[in-house]
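Examining the three-dimensional arrangement
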Amino acid sequence: VFAPRPSAGTAVPAELLRPAARRRTILVVEANKDYRSLISVLLTGNSYRVLEAGDGRSALDQVLRQRPDLVIMDLNMPKMNGYELLQELRSRTELRGLPVIMFTGAPNRQHLKSLNMEISDFLEKPVTNGRLLESIRKALESAPDRTAFAGAAADAAPAVLEVPQAVLPPEGRSAEPRERPPAA
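Since the model is a prediction, treat every value here as computed from it, not as a measurement. (Residues numbered from 1 in each chain as written. Predicted model: local features only at pLDDT ≥ 70, side-chain atom pairs only at ≥ 80, totals over all residues. Heavy atoms only, no water.)

Digging into the overall build of the chain
Quick reminder of the rule: Numbering of helices and strands runs from the N terminus; a helix is a DSSP stretch of H or I covering at least four residues, while a strand is a stretch of E covering at least two. Each residue is placed in one exposure class: buried if its accessible area under a 1.4 Å probe, protein chains only, is under 20% of its type's maximum, exposed if it is over 50%, and partly exposed if it falls in between. Residue contacts are counted whenever heavy atoms from the two residues lie within 4.5 Å of one another. Residue burial considers only the protein chains on display, and all accessible areas are found by Shrake-Rupley using a 1.4 Å probe.
When you go through the chain residue by residue, the secondary structure sums to six helices and seven strands. Put simply, the chain has 184 residues, and 33% of those count as buried. Restricting the contact set of the chain to residue pairs at least 6 apart, pairs at least 24 apart contribute 64%. Approximately 11,700 Å² of the chain is accessible, and the part contributed by carbon and sulfur atoms is 54%.

Quick look at the structure:
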């Protein structure tokens, strides 16, 4: 697709000049490899970048190294359970705003909801795909934007940007390469 060649002083919408929105990264922490794989396939199919961990300690290492946008974790895990992992995440200033969705099949889940564990959502296993995706969407929307360029700098960008004459080829010349590859 070729767009018409803009003339000098043509306004280009700023959204066309900004980098494309990056894929959001989600860390899935689940001891059951099959369940973890199912969630990963669902999320990858919905354009998320997925990291995986099978226990709380591995999850903490992943969070510190990869800085995901969201963590989805089971409550019952080896090496460090979900509650301990959450306490560790919340004890670090730079991770306090990290959205966390917790799920479990534990029979005492009603009690867990009442603990005020600073989580974005608490889901009961088994959870439907639609419910999980909706919970993820809400958690990411309500989370602070950690990808903005130096805070409010992205918001301060002009609505349009003037293209200076110097970047355009002289009148009568095309910006396209002189030689074109043969048509397939």
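Topic: unusual backbone geometry
A cis amide bond, omega -5°, links Lys125 with the succeeding residue Pro126. Inspection of the secondary structure assignment puts Pro126 in the loop between β6 (121-124) and α6 (129-142). With a phi angle near 70°, Ser47 is a residue other than glycine that sits in the positive phi range. Within the secondary structure, Ser47 is located in the loop between α2 (33-45) and β3 (49-53). With a phi close to 50°, Arg67 is a non-glycine residue in the positive phi region.

Points about the packing of aromatic side chains
Our working rule: Ring pairs are drawn from Phe, Tyr and Trp, using the six-membered ring of Trp, whenever the two centres fall within 6.5 Å, and their geometry is named by plane angle: stacked under 30 degrees, edge-to-face over 60, tilted for the rest.
A complete count under the given rule lists one aromatic pair for this structure. Ring centres of Tyr35 and Phe103 lie 5.8 Å apart, and the angle between their planes is 70°; on these two criteria the pair is classed as edge-to-face. Residue Tyr35 is located in helix α2, and its partner Phe103 is located in strand β5 (residues 100-104); the two are separated by 68 residues in the primary sequence. Assessed through its relative accessible area of 1%, Phe103 is described here as buried.

Some points on helix α3 (residues 56-66)
For the record, the criterion: Working definition: the arc comes from the directions between the helix axis and the C-beta atoms, pointing outward to the latter. Pairs of N or O atoms within 3.5 Å make up the polar contacts considered here, provided that, within protein, one atom can donate a hydrogen while the other can accept it, and that residues adjacent in sequence are counted only when both atoms are side-chain atoms.
Taken residue by residue, α3 has Gly56, Ala59, Leu60, Gln62 and Val63 as its buried positions. Each buried residue of α3 sits inside an arc of 160° when the element is viewed along its axis, so together they form one side. Those residues of α3 that are buried are in contact with β2 (25-29), β3, β4 (70-74) and α4 (82-90). Between the side-chain oxygen of the N-cap and the backbone nitrogen of Arg57 there are 3.0 Å, and the N-cap of α3 in question is Asp55. Once α3 ends, the next one or two residues include Arg67, with phi positive near 50°.

A short note on the packing of α3 against α4
Note the threshold: With axes taken as lines fitted to C-alpha atoms, and helix axes fitted only over the stretch in contact, angles between N-to-C directions fall between 0 and 180 degrees. Roughly parallel covers angles under 35 degrees, roughly antiparallel covers those over 145, roughly perpendicular covers 65 to 115, and oblique covers all other angles. The crossing is said to be left-handed when, going from far helix to near helix, the turn is anticlockwise and less than a right angle, and right-handed when the turn is clockwise. Residues are grouped as follows: Ala, Val, Leu, Ile, Met, Phe, Trp, Tyr, Cys and Pro are nonpolar; Asp, Glu, Lys and Arg are charged; all remaining types, including Gly, are polar.
Packing of α3 against α4 leaves a shortest axis separation of 9 Å and a crossing angle of 25°. When the interaxial angle is binned, α3 and α4 end up roughly parallel. The element α3 and its partner α4 pack so that their crossing is right-handed. Packed against α3, whose contacting residues are Gly56, Ala59, Leu60 and Val63, the element α4 presents Leu85, Glu88 and Leu89 at the interface. A per-class count over the contact of α3 with α4 returns five nonpolar, one polar and one charged.

Focus on the confidence of the model for the chain
What counts here: What pLDDT reports is the predictor's confidence in each residue, on a scale of 0 through 100.
When the pLDDT values of the chain are averaged, the result is 75; 61% of them are 70 or greater. Note that residues 15-19 has pLDDT below 50 and, in this model, six contacts with residues that lie over four places away or in other chains.

Quick word on the environment of Val50
Position of Val50 relative to the elements: it lies in strand β3. Sequence separation of Val50 and Ser40 is 10 residues, and the distance between their C-alpha atoms is 6.2 Å. Contact partners of Val50, with chain neighbours within four places excluded, come to Ile26, Val28, Ser40, Leu43 and Thr44.

Topic: the pattern of salt bridges
This is how it is decided: Each reported salt bridge corresponds to a side-chain nitrogen of Lys or Arg within 4 Å of a carboxyl oxygen of Asp or Glu.
According to the stated counting rule, one finds 11 salt bridges in the structure shown. For Asp55, the salt bridge goes to Lys79, with nearest N and O atoms at 3.9 Å. Note that Asp55 is positioned in the loop between β3 and α3 and Lys79 in the loop between β4 and α4, a separation of 24 residues in sequence. Given a relative accessible area of 9%, Asp55 falls into the buried group. Two residues, Asp121 and Arg131, come together in a salt bridge whose shortest N-O distance is 3.0 Å. Of the two residues, Asp121 sits in strand β6 while Arg131 sits in helix α6, which places them 10 residues apart along the sequence. If you follow the salt bridges from partner to partner, you end up with Glu134, Arg137, Lys138 and Glu141 in one network.

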